[in-house]
Amino acid sequence: EAGVAQSPRYKIIEKRQSVAFWCNPISGHATLYWYQQILGQGPKLLIQFQNNGVVDDSQLPKDRFSAERLKGVDSTLKIQPAKLEDSAVYLCASSSPWGLAGDNEQFFGPGTRLTVL
Amino acid sequence: EDKVVQSPLSLVVHEGDTVTLNCSYEVTNFRSLLWYKQEKKAPTFLFMLTSSGIEKKSGRLSSILDKKELSSILNITATQTGDSAIYLCASGVYGQNFVFGPGTRLSVLP
């Protein structure tokens, strides 16, 4: 079973620039998550999609962050413009709907490490 | 606000020691408690716990959930240097949301 794919793996930009990350979840997984993990902290949920609809984006800084999952499969997360404090690893994860596997295990992608200078 | 707390935040032991990592949660609509191991890359799944008092084991790792105390522990026996990692605890809530704790950084010295 192929895992969650993310790209790019690393990105270095200057503040006020824009950046976009891409995620391809595990085939058949309806739920997709974007997390921000700052060094030394646990992952913080930014946005959760169920198919192509947003379930939870309460912690997404909407003045600069946006995300979409137009066809209910791939997703992109954009930051525009970036700030120094956005330096973090951005993790994408997916899970299958409740009940199919009995547990709602999340599978994580390798992450994108963003450095904002 | 949903919250997951882990302790200790950092731990240094020697190979062969046994360690116990703690996780407590305060969430509405609790569904499950998950443990992950994170080395240099993305978190990898260890355990999911939904029922109180039932221990899950995988090799030298084991975990148990106490719903009355809103907590869970992760035990690692006969630690090895390869166990050095950050151990994340997360609470799954209905609606498939997950709330992560800050993690426990475990260092196992030879």
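Refer to the structure printed above.
Residues numbered from 1 in each chain as written. Chains lettered and ligands numbered in written order. Predicted model: local features only at pLDDT ≥ 70, side-chain atom pairs only at ≥ 80, totals over all residues. Heavy atoms only, no water.

Student: Help me understand the interface of chain B and chain A, please; the structure alone is not making it clear to me.
Tutor: When the parts of a complex come together, some accessible area is lost, and that lost area is often taken as the interface size. Contacts between chain B and chain A engage 20 residues on the former and 26 residues on the latter. There are zero salt bridges connecting chain B and chain A. Remark: the boundary between chain B and chain A carries two residue pairs in polar contact (both at pLDDT 80 or more). For the side of chain B that touches chain A, the secondary-structure elements that each account for two or more residues are strand 4 (30-38), strand 5 (44-49), strand 9 (85-93) and strand 10 (97-100) of chain B. Broken down by element, the side of chain B that touches chain A gets its largest block of residues, five residues, from strand 4 of chain B. For the side of chain B that touches chain A, the per-class residue count stands at 12 nonpolar, six polar and two charged. (Contact = heavy atoms within 4.5 Å. Salt bridge = Lys/Arg side-chain N within 4 Å of Asp/Glu carboxyl O. Polar contact = N/O pair within 3.5 Å; in protein donor to acceptor, adjacent residues only side chain to side chain. Helix = DSSP H or I, 4+ residues; strand = E, 2+ residues; numbered from the N terminus. Nonpolar A, V, L, I, M, F, W, Y, C, P; charged D, E, K, R; others polar.)

Student: Explain the state of the cysteines to me, please; I cannot follow it from the model alone.
Tutor: Residue and element names in this part refer to chain A. Applying the stated criterion across every chain, the model contains two disulfides over all chains. A disulfide bridge connects cysteine 23 with cysteine 92, and the sulfur atoms are separated by 1.9 Å. With the S-S dihedral at roughly -70°, the linkage between cysteine 23 and cysteine 92 falls on the left-handed side. Here cysteine 23, found in strand 3 (residues 19-24), pairs with cysteine 92, found in strand 9 (residues 88-95); they are 69 residues apart in sequence, far enough to count as distant. A relative accessible area of 0% places cysteine 92 in the buried class. (Disulfide = S-S within 2.5 Å. Buried < 20%, exposed > 50% of the residue type's maximum accessible area, 1.4 Å probe, protein only.)

Student: I tried to follow the sheet that holds strand 3 of chain A on my own but got confused; where do I start?
Tutor: Sheets are built from strands paired through backbone hydrogen bonds, the pairs being either parallel or antiparallel. Residue and element names in this part refer to chain A. In space, the four strands of this open sheet follow the order 1-3-8-7, with antiparallel pairing throughout. Pairing within the sheet leaves two strands with one partner each, and these edge strands are strand 1 (5-7) and strand 7 (65-68). Taking each pair of neighbouring strands and ignoring which way they run, the sheet shows an average axis angle of 15°. With three bridges connecting them, strand 1 and strand 3 associate as antiparallel partners. When the bridges of strand 3 are listed, serine 7 appears paired with tryptophan 22. (Pairing = 2+ DSSP bridges. Axes fitted to C-alpha atoms, helices over the stretch in contact; angles between N-to-C directions.)

Student: Teacher, can you tell me more about the sheet that holds strand 8 (residues 71-76) of chain B here?
Tutor: Residue and element names in this part refer to chain B. Within the open sheet, the five strands sit side by side as 1-3-8-7-6. Their pairing is antiparallel. The open sheet is flanked by strand 1 (3-7) and strand 6 (56-58), the only strands paired with a single partner. On average, each strand axis in the sheet is inclined to that of its neighbour by 15°, with strand direction left out of account. In the sheet, strand 7 (residues 61-66) pairs with strand 8 via six bridges, with the strands oriented antiparallel. Along strand 8, the bridge assignment pairs serine 62 with asparagine 75.

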